[in-house]
Amino acid sequence: MGNDTTLTRRAVLGGLAGLGLVALLPGRAWAAISASKAESLIGQVVSDINGIINSGASESAMIKRFEGVFAKYAAVSYIAQSALGVDGRSASAAQKREFTKAFQGYIAQRYGSRFREFQGGRIDVVGTSEGKNVYEVLTQTTLKGKSPFDVIFIVAKRDGKFIDMVVEGISIVKSERKEIGAMLDRRGGDLNKLIADLKAG
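Residues numbered from 1 in each chain as written. Predicted model: local features only at pLDDT ≥ 70, side-chain atom pairs only at ≥ 80, totals over all residues. Heavy atoms only, no water.

1. Points about the overall build of the protein
- Across its full length, the protein carries 7 helices and 5 strands.
- The order of α-helices and β-strands along the protein, N terminus first, is α-α-α-α-α-β-β-β-β-β-α-α.
- Buried positions account for 44% of the 201 residues belonging to the protein.
- Across the protein, every contact between residues at least 6 apart in sequence was considered, and the portion connecting residues at least 24 apart equals 64%.
- Put simply, the protein shows about 9900 Å² of open surface, and 49% of that area lies on carbon and sulfur atoms. (Helix = DSSP H or I, 4+ residues; strand = E, 2+ residues; numbered from the N terminus. Buried < 20%, exposed > 50% of the residue type's maximum accessible area, 1.4 Å probe, protein only. Contact = heavy atoms within 4.5 Å. Areas by Shrake-Rupley, 256 points an atom, 1.4 Å probe, with all protein chains shown as cover.)

So this is what it looks like as structure tokens:
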């Protein structure tokens, strides 16, 4: 598999992850969901993504739509704080809020700007299997001129939101943690500088 294909897959997956990475928020009551509900939720997510990919809209319009869907489906604080990892433990509440806002825009720009490359492709839900505390919803992504590949959405049973995606053994959550960690390292661990740079795009 060539590097271009790998990068393309990761870009698609990262965009999808931005839509669905959600917080398991403390103090909030959730009812356990069924496998069909989990599959239905992922069906809606991929339907929205397919709509953006094949909308024919301008890049700026795609990014705007993507951020809107991101805000709708994601509790951005989960992936944002996960991306910070141990570096986020010393952050103030205000810094965490500002980073979360900046991270939302970063995700929209980073992945939304790639959607035009995926026109003519689509994502389809294939089936669902059950784990201890999660459902694994298998989807197949087909890009124009490339072989289809599988993507697994990890859906939390208690709230029906997906908390990770895995492709070829790669966790998108972990990938973003590495990326943000590297960005922070390049700024000498200065979180405020990272926040400012993410906001600036």
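2. Some words on the pattern of salt bridges
- A full pass over the atoms with the stated rule returns 6 salt bridges.
- Lys101 serves as the salt-bridge partner of Glu98, at 3.6 Å between the closest nitrogen and oxygen. Linking Glu98 with Lys101, this pair stays in helix α5 (residues 93–112), spanning 3 residues, or about one helical turn.
- Here Glu176 ties to Arg110 by a salt bridge, and the two come within 2.8 Å at their closest N and O atoms. In this pair, Glu176 sits in helix α6 (residues 172–186) while Arg110 sits in helix α5, placing the two residues 66 residues apart along the sequence. (Salt bridge = Lys/Arg side-chain N within 4 Å of Asp/Glu carboxyl O.)

3. Side note on the pairing of strand β2 (residues 134–142)
- Examined bridge by bridge, strand β1 (residues 122–130) and β2 share 8 bridges and lie antiparallel to one another. Across the sheet, residue Thr128 finds its bridge partner in β2, namely Val137.
- Two successive antiparallel strands, β1 and β2, enclose a turn made up of 3 residues.
- As paired strands, β2 and strand β3 (residues 149–156) are joined by 8 bridges and run antiparallel to one another. (Pairing = 2+ DSSP bridges.)

4. Some details on the packing of aromatic side chains
- Tallied over the full model, the rule gives 2 aromatic pairs.
- Aromatic pair Phe99 and Phe103: ring centres 5.7 Å apart, planes at 35°, arrangement tilted. Of this pair, Phe99 and Phe103 are both found in helix α5, 4 residues apart, which corresponds to roughly one turn of the helix.
- For Phe103, a relative accessible area of 0% gives the class buried.
- Between the aromatic rings of Phe103 and Tyr106, the centroid separation amounts to 5.5 Å while the plane-to-plane angle is 45°, which identifies the pairing as tilted. With Phe103 and Tyr106 both in helix α5, this residue pair falls 3 residues apart, about one helical turn.
- When its relative accessible area of 11% is taken as the criterion, Tyr106 is described as buried.
- Clustering of aromatic rings is evident, with ring pairs tying together Phe99, Phe103 and Tyr106.
- Above the plane of the ring of Tyr135 lies Lys157, whose end atom (NZ or CZ) is 5.4 Å from the centre. (Phe/Tyr/Trp six-rings, centres within 6.5 Å; stacked < 30°, edge-to-face > 60°. Lys NZ or Arg CZ within 6 Å of the ring centre and 35° of its normal.)

5. Remarks on the nonpolar core
- Residues Phe99, Phe103 and Ile180 are the most contacted members of the largest nonpolar core, which totals 51 residues.
- For this core, the element with the most residues is helix α2 (residues 35–53), which contributes 8 residues.
- Ignoring any residue separated from it by four or fewer positions in sequence, one finds Ile180 in contact with Ala83, Leu84, Phe99, Phe103, Tyr106 and Leu194. (Core = buried A, V, L, I, M, F, W, Y, C linked by side-chain atoms within 4.5 Å.)

By themselves these figures say nothing about function.
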